[in-house]
Amino acid sequence: MTAARTYLDYNATAPLRIQARAAMLAALDLVGNPSSVHADGRAARAVVEKARTAVAALVGARAADIVFTSGATEANATVLAGGWDTIFLSDLEHDSVREAAKRSGARVVKITATQHGTVTADQLTGALDAAGGGAFGMRDSAFGKALVCLQYANNETGVVHLVSDVAAVAHAHGMRVHCDAVQAPGRVAVDVAALGVDYLTVSAHKLGGPKGVGALVIVDGAPLPSLIAGGGQERGRRAGTENVAAIAGFGAAAALAHDALAGIDHLRTLRDALERGVVDATPEAIIVGRDALRLVNTSCIALPGLAAETAVIRLDLSGVSVSAGAACSSGKVGHSTTLAAMGLAPEIARAAIRVSIGHATTHDDIAAFLAAWKHLTSALARAA
Ligand code: PMP
């Protein structure tokens, strides 16, 4: 028998919700292609459209603006490949945004983050001033077709940005705005209209849906060429037969995540208990981003002198899954551009682990983490 494990890595991926699993299993039995006009096709189409409505409700979008993709990476790639002359972004963005920007052929202009790990309207104005020079109008035209990318919340620290303020500045300069909102839905109320962005990306597996499906929201017909050409699926915006089962699971998870927002304070209580327990056990521990507006589910914890790799491996041996920095893509512990962009001292950045909770997390999970943390840190203290 394998011992029960404590899973606290929801920002990497969340466990599949049972209702999402059930919706997927039911959809697997549908024989039709959603593009077919016969009854079998229409049955598959109905499942896709029900999911589209649920995903739209989760982010306050119109159902017609939702384009299903193979995940947020593809959705981000689609936006970044949109034929931009200039792309503005900070080092806080996820690799799927930063790498796609590098490949896009556009001039990439860096926005400097604040030491709290945020990008504000002032930071964007600073980047415009530094990159453009000259008079207001001349400067804007020098950027050509321009895009500003700003994530909703950071995957490593959970720090939330005031996207609507930044979007207002970008629009005043005639630029389009993309928001990678992967870490936000189900953890905070997301409303595309209030954000005022043109493109928004979400991923099913961060909210209890399956891996390998996501959505791109193209708000009010904002111009964007499709990345994948072929059939006319998704109203010509993303070719390829829809992954009906995955989309069904996404829809079920989105509906539950939306409903769960009402009880989101429960997560805050658990997160606060975890952070209190860590600081009580190890007063030298630093909670990165503690004073910033943060998601309720994310703790980025650094104990100077305890390397993140060591902490992750030792916690794993105690049955607790957390990650080091942004390890969700590679599985290896790399250099964190987010923590570097915040100006954190390298010895603190090297020590940062990420503990992220979600829909199935219990008080017992927090207790298990704290027991493993105390075991690990007291062994270190004895060895010192
Ligand atoms: N953006 C952010 C902020 C993320 O955290 C992730 C997943 N780690 C992605 C994009 C990529 O999402 P997906 O796994 O659906 O491709």
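Residues numbered from 1 in each chain as written. Predicted model: local features only at pLDDT ≥ 70, side-chain atom pairs only at ≥ 80, totals over all residues. Heavy atoms only, no water.

*Asks:* Mind showing me how you'd approach the site of the ligand here?
*Replies:* Within the structure, the ligand sits among 14 residues, and T73, D180, Q183, S203 and K206 are positioned closest to it. Here S203 contributes a side-chain N or O atom positioned 2.6 Å from an oxygen atom of the ligand. If the ligand stood free it would expose 400 Å²; the protein chains cover 90% of that surface. Looking at the shell around the ligand element by element, the count peaks at three residues for helix 3 (residues 72–80). (Near = heavy atom within 4 Å. Polar contact = N/O pair within 3.5 Å; in protein donor to acceptor, adjacent residues only side chain to side chain. Areas by Shrake-Rupley, 256 points an atom, 1.4 Å probe, with all protein chains shown as cover. Helix = DSSP H or I, 4+ residues; strand = E, 2+ residues; numbered from the N terminus.)

*Asks:* What exactly am I supposed to notice about the sheet that holds strand 5 (residues 146–149) here?
*Replies:* Backbone hydrogen bonds hold the strands of a sheet together, and the pairing may be parallel or antiparallel. Spatial ordering of the open sheet is given by 2-8-7-6-5-3-4, a layout of seven strands whose pairing is mixed. Only two strands of the sheet have a single neighbouring strand rather than two, namely strand 2 (66–69) and strand 4 (107–111). For this sheet the average axis-to-axis angle between neighbouring strands, irrespective of direction, equals 20°. Examined bridge by bridge, strand 3 (residues 86–90) and strand 5 share three bridges and lie parallel to one another. (Pairing = 2+ DSSP bridges. Axes fitted to C-alpha atoms, helices over the stretch in contact; angles between N-to-C directions.)

*Asks:* Before we go on, may I ask you to explain the sheet that holds strand 12 (residues 323–324) in this structure?
*Replies:* Read across the open sheet, the four strands follow the order 9-10-13-12; overall the sheet is antiparallel. Lying at the two open borders of the sheet, with one neighbouring strand each, are strand 9 (286–287) and strand 12. Of the pairings in the sheet, the one linking strand 9 to strand 10 (residues 298–302) comprises two bridges and is antiparallel in character. Bridged to I286 within strand 10 is A302. Helix 11 (residues 308–317) contacts strand 12 and strand 13 (352–356) of the sheet and is inclined by roughly 40° relative to strand 13. (Contact = heavy atoms within 4.5 Å.)

*Asks:* Which parts of the structure should I look at to understand the domain arrangement of the protein?
*Replies:* Note: interface size is frequently given as the accessible area lost on complex formation between the parts. Looking at the assigned domains, one finds that the protein contains domain 1 (6–15 + 263–383) and domain 2 (21–260). Once you take the C-alpha centre of each, domain 1 and domain 2 turn out to be 27 Å apart. On the side of domain 2, 30 residues touch domain 1, which itself brings 30 residues to the contact. Buried area between domain 1 and domain 2, both sides added, is near 2300 Å², and the carbon and sulfur share of it is 53%. Among the residues of domain 1 in contact with domain 2, L295, T338 and M342 are the three that bury the most area, contributing 25% of the side total. Between domain 1 and domain 2 we count zero salt bridges in total. At the junction of domain 1 with domain 2, the criterion picks out 18 residue pairs in polar contact (both at pLDDT 80 or more). Those elements that place two or more of their residues in the side of domain 1 that touches domain 2 are strand 10 and helix 12 (337–341). Per-element tally for the side of domain 1 that touches domain 2: the top contributor is helix 12, with four residues. Among the residues making up the side of domain 1 that touches domain 2, the classes are represented as 16 nonpolar, twelve polar and two charged. (Domains from an automatic or database assignment. Buried area = accessible area lost by both parts, 1.4 Å probe. Salt bridge = Lys/Arg side-chain N within 4 Å of Asp/Glu carboxyl O. Nonpolar A, V, L, I, M, F, W, Y, C, P; charged D, E, K, R; others polar.)

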